[in-house]
Each structure stands twice: as C-alpha cells, then as structure tokens.
Amino acid sequence: MQTYDAVVIGGGAAGLSGAVALARSLRSVLVVDAGDPRNAPADAMHNYLGREGASPLDLVADGRKELAGYGGSVLPGTVVSATRTDDAFEVTLESGETVQGRRLLVATGLRDELPEVEGLAQRWGRDVIHCPYCHGYEHRGQAIGVLATGPNSLHQALMFRQLSDDVVVFQHSAPAFGQESHEQLAALGVRVVEGTVDAVVTGPSGLSGVRLVSGEVVEREVLVVAPRFTARVDGLAGLGLEVDEIEMGGAVVGSSVKADPFGKTSVPGVWAAGNVASMAAQVVISAGAGLMAGSQINADLIQEDVARAVAARRAGDGR
C-alpha cells in the first residue's frame, strides 16, 4: 500500500488549497472527497476577491485541475474510519479501500441543521439564507423575514435591516424579546410577528411568503434562518479529535474541531482547516486556512525527514 506524505479528507476550498500547497512542495498528496459540499445549493459565492459571483462547484473543478497539474490526485469516496498506526494514518473508505498518509488534513466542513419548517430546506441557499455577507447584497431592498429561533436572532435582524427597509421578525421559537430589543427594532421600523411559523410559501419565481400556524400568510421574498452549524467528523472518532461546542448569546449554535491558528489539532500529525474548524469561515477564508495548514504540514514533514536523515547518517558512521 502506498503511503502518501499527506491524505486530505474533504475536497472543498480548504482541502484542495491545502493539497495544492503540499503538491507544489513536491509532496505526494491524496484528497478523499465525498462529493457533497455544503455550498452546493448556492448558485454563486461572494466576497472571494477575483472570483466574485463564481459557482462554488466551478471553484472545486478548477481546484482539482490545479492539483492534478502538480501531481496530486482525488479519490471519490466517504471516509468511515481513520486511525493511527505505528508510522502513518490509515483511512478507510465506505468502499472498503484503505489509504495511508504520514499526515492528515481534515477539511470535511460542517453540516447546516435547519429549523424544521415545511418547505424551508428546499429553498436553502437560494432565498432561504443565513449570512448577510454571503448572499445579503443580492437580496438588498427586498421583503426580508427573519425566523427567530434563539438569542442571536436580534443580531440577524439588525444586520439584514442594513440591506432593506422592509424587514419582519417572526418570533417563532425564540424567547420573547426584552424591552430594549423591541425598542431597537421599533426604532428601525422592524415589525415583530408573534406566533409559530408553519411553512414557507413558494410561487413561480421562488419564495413568496411565510405561513403561520394560525393560517396567516405574510408576504416575504427572502427568509433568514439560523442553522445549527455542526462539524462533520463522521468516521473520524478513531483519531481522538477534540470537538468543542460553540456558544453565542448563551446558546449552543454549533461545533468545531479544536485547532490552533495554523490548523494544528491536539492530535499529533493531524491538522484541520475550513468550516470544520471555524464555522464562520467563508469560502475565501477556508481556502486561506487550507493553504496555511498545508504549509505547516510540509514544515512538519521536513523536520521528520531531517531527523531520519541525521539518524541514517549517524548509523552509517557507526555512531
């Protein structure tokens, strides 16, 4: 079995960027990719300097071509287990195939766990969104609804009010807003609609409204939600990665693999980059994090290679 210098688990912006950095350093690198990127439902990505409005799937395709040009390769498949052996990591795929790497880069991203509202998941990434920096500009001036599910819903409402004069907050499952919050919303002309949301209503051109359990329909063109952002670490339990719960406003909003600013985890030989380690990372940030992790992996491999060369030289000298 070939042992690669590095096996990268996840072939999105972070994984491919890290793999390219390693391949450009003449490292043997294999990317294992399940082929289900988080941003697949989105038609375009934004705030990526020089690639504004490009398809996220096109970015992946271009990244694969770049990697192949430097001698790296991509293996389609889903990882079901990853463990440490004496001198490498063994990664087993759902197909039963096993690959080995001296180092691992985990770039599996995260899973958006959406509120359970009828029809909402079908519009995700189009006119059901969560991030004003990812898609907000494209919905500027439209009738925007904010589905309140927790203490951070006020923050979302204030951010999207920056983009439109017509913002409505649906109280839904969030705790009742306090007097100060109501005052802030009222001062900005944001209406609060009491009651639980039952479904999103769609028309020929997309989302057209939000239906409450009472039957009332409030016309909206866009609905803002707050998913739970869960790090995708399925099949990686054998590595012993530390996964932290992330809190905002006193509520758990997701989880992330614990890593330092360079992507190094608490498990020797394992790095993490992108959304799996930072739930707020947009595509361009994930790509940068992958580059950083790839360079750090190469530096770590250099230290090991030097130590081996010195040991071999000493053995040859009889010392």
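Residues numbered from 1 in each chain as written. Predicted model: local features only at pLDDT ≥ 70, side-chain atom pairs only at ≥ 80, totals over all residues. Heavy atoms only, no water.

> Looking at this model, I keep getting lost on the UniProt feature "domain: FAD/NAD(P)-binding" (unreviewed entry) in the chain. Mind explaining?
The UniProt feature table records "domain: FAD/NAD(P)-binding" (unreviewed entry) at residues 4–283. The span residues 4–283 shows a helical share of 18% and a strand share of 33%, and its end C-alpha atoms are spaced 26 Å apart. (UniProt positions renumbered as here; feature names shortened; annotations may be inferred. Helix = DSSP H or I, 4+ residues; strand = E, 2+ residues; numbered from the N terminus.)

> I would appreciate a short explanation of the nonpolar core in the present structure.
Core analysis: the biggest nonpolar cluster contains 23 residues, and Val7, Val91, Val106, Leu236, Leu239 and Leu241 have the highest contact counts within it. Sorting the residues of this core by element identifies β1 (3–9), β2 (29–33), β4 (79–84), β5 (89–93), β6 (98–106) and β19 (270–272) as the ones contributing at least two each. Every residue in contact with Val106, bar those within four places of it in the chain, is listed here: Ile9, Leu236, Leu239, Leu241, Val270, Trp271, Ala272, Ala273 and Val276. Formed by 19 residues, the second largest nonpolar core is a distinct cluster that contains Val8, Ala19, Ala273 and Ala293. (Core = buried A, V, L, I, M, F, W, Y, C linked by side-chain atoms within 4.5 Å. Buried < 20%, exposed > 50% of the residue type's maximum accessible area, 1.4 Å probe, protein only. Contact = heavy atoms within 4.5 Å.)

> Just checking my understanding: could you explain the pattern of salt bridges for this structure?
If the charged atoms of two oppositely charged side chains come close together, the side chains can form a pair. This structure, assessed with the given rule, holds 18 salt bridges. A salt bridge links Arg103 to Asp300; the nearest nitrogen and oxygen atoms lie 2.7 Å apart. Residue Arg103 is found in strand β6, and its partner Asp300 is found in helix α6 (residues 283–317); the two are separated by 197 residues along the sequence. A residue is classified by how much of its surface remains accessible, and Asp300, at 26% relative accessible area, is partly exposed. For Asp234, the salt bridge goes to Arg111, with nearest N and O atoms at 2.7 Å. Of this pair, Asp234 sits in the loop between β16 (228–231) and β17 (243–248) while Arg111 sits in strand β7 (residues 110–113), and the two are 123 residues apart along the sequence. The exposed category is assigned to Asp234, whose relative accessible area is 52%. On the basis of relative accessibility, which here comes to 31%, the residue Arg111 falls in the partly exposed class. If you follow the salt bridges from partner to partner, you end up with Asp5, Arg27, Arg102, Arg103, Asp300, Glu304, Asp305 and Arg308 in one network. (Salt bridge = Lys/Arg side-chain N within 4 Å of Asp/Glu carboxyl O.)

> How should the pairing of strand β12 (residues 197–203) be read in this particular structure?
Sheet analysis places β12 next to strand β13 (residues 206–212), joined by six bridges and oriented antiparallel. By the bridge assignment, Gly203 is partnered in β13 with Gly206. Turn length for the β12-β13 hairpin, with the two strands adjacent in sequence and antiparallel, is two residues. (Pairing = 2+ DSSP bridges.)

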